[in-house]
Amino acid sequence: MGAFRLQALVANTKQLIKHNNKHQRDVPKGYMAVYVGEIQRKRFVVPLSYLDQPFFQDLLRRSEEEYGFNHPMGGLTIPCCEEAFVRLTTQVHVS
C-alpha cells in the first residue's frame, strides 16, 4: 500500500474518530473508542498515538477491506480477535 493510500486511510479514520467522539462523552481527549472482535465485539478506549503504530495501521487496512468506512457499530470496528488485539496493545505499552 502506497504512502498516499495510508495517509488517506489515517485521515478518514481521524475524521470518523472526531465524529464519534462528539457523541461519546466517556472517551477522554486524546483517545478513541474502537470495537474489536470477529463475532461479538468488545469496546476498547485506546490512545490516538496508536495511529502511528505499524500494527494499528495494519488493523486499519484490514478494517477498511472488511467494512469500508461504514462501520456497523457506529465507531471504528476492527476485525481482529480480542485476544490478539490485547496482546498487540500490551506489546506497545511494554516497549
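Residues numbered from 1 in each chain as written. Predicted model: local features only at pLDDT ≥ 70, side-chain atom pairs only at ≥ 80, totals over all residues. Heavy atoms only, no water.

K.L.:
What is the right way to look at the sheet that holds strand β2 (residues 42–47) in this model?
P.N.:
Pairing between the strands of a sheet is mediated by backbone hydrogen bonds and can be parallel or antiparallel. With mixed pairing, the three strands of this open sheet are ordered in space as β2-β1-β3. With one partner strand each, in any of the chains shown, β2 and β3 (76–78) form the two edges of the open sheet. Pairs of neighbouring strands in the sheet enclose a mean axial angle of 40 degrees, with direction left out of account. Alignment of strand β1 (residues 31–36) against β2, held across six bridges, turns out to be antiparallel. Along β2, the bridge assignment pairs Y31 with P47. (Pairing = 2+ DSSP bridges. Helix = DSSP H or I, 4+ residues; strand = E, 2+ residues; numbered from the N terminus. Axes fitted to C-alpha atoms, helices over the stretch in contact; angles between N-to-C directions.)

K.L.:
What exactly am I supposed to notice about the environment of S49 here?
P.N.:
Within the secondary structure layout, S49 lies in the loop between β2 and α2 (54–67). With 17 residues separating them in the primary sequence, S49 and M32 have C-alpha atoms 9.9 Å apart.

K.L.:
Please clarify how the nonpolar core should be interpreted in this entry.
P.N.:
Across soluble globular proteins, you tend to see nonpolar side chains buried next to one another. Membership of the largest hydrophobic core comes to 16 residues, with the highest contact counts inside it found for V34, F56, I78 and F85. At four residues, the largest contribution of residues to this core is made by α2. Aside from chain neighbours lying at most four places away, what touches I78 is V34, Y35, V36, G37, F56, L59 and F85. (Core = buried A, V, L, I, M, F, W, Y, C linked by side-chain atoms within 4.5 Å. Buried < 20%, exposed > 50% of the residue type's maximum accessible area, 1.4 Å probe, protein only. Contact = heavy atoms within 4.5 Å.)

K.L.:
In this structure, what is going on with α2? I would like to understand it.
P.N.:
Structurally, the α-helix is built with 3.6 residues per turn, so residues lying three or four positions apart point the same way. Along its 14 residues, α2 runs 20 Å from first to last C-alpha, staying within 8% of the 20 Å computed at 1.5 Å per residue. Listed in full, the buried residues belonging to α2 are F55, F56, Q57, L59, L60, S63, E64 and Y67. G68 occupies a position one or two residues after α2 and carries a positive phi of about 70 degrees. (Expected span 1.5 Å × (residues − 1).)

K.L.:
Before we go on, may I ask you to explain the confidence of the model for the protein chain in this structure?
P.N.:
Residues shown with low pLDDT carry predicted positions that ought not to be read at fine detail. The pLDDT averaged across the protein chain works out to 78; a share of 66% of its residues lies at or above 70. Confidence scores differ between elements of the protein chain, with helix α1 (residues 3–23) showing the lowest mean pLDDT of 59 and β2 the highest of 92. (pLDDT = per-residue confidence, 0-100.)

K.L.:
Please explain the pattern of salt bridges as it appears in this structure.
P.N.:
Oppositely charged side chains can pair when the atoms bearing their charge come close. Per the stated rule, a full pass over the model turns up three salt bridges. R43 is the salt-bridge partner of D26, the closest N and O atoms lying 3.1 Å from each other. Placement of the pair is D26 in the loop between α1 and β1 and R43 in strand β2, with a sequence separation of 17 residues. With a relative accessible area of 30%, R43 lands in the partly exposed category. K42 is paired through a salt bridge with E82; the nearest N and O atoms lie 3.5 Å apart. Taken together, the positions of K42 in strand β2 and E82 in helix α3 (residues 82–94) put the pair 40 residues apart, joining distant regions of the chain. By relative accessible area, K42 is classed as partly exposed at 40%. Residue classification places E82 among the partly exposed residues on the basis of a relative accessible area of 29%. (Salt bridge = Lys/Arg side-chain N within 4 Å of Asp/Glu carboxyl O.)

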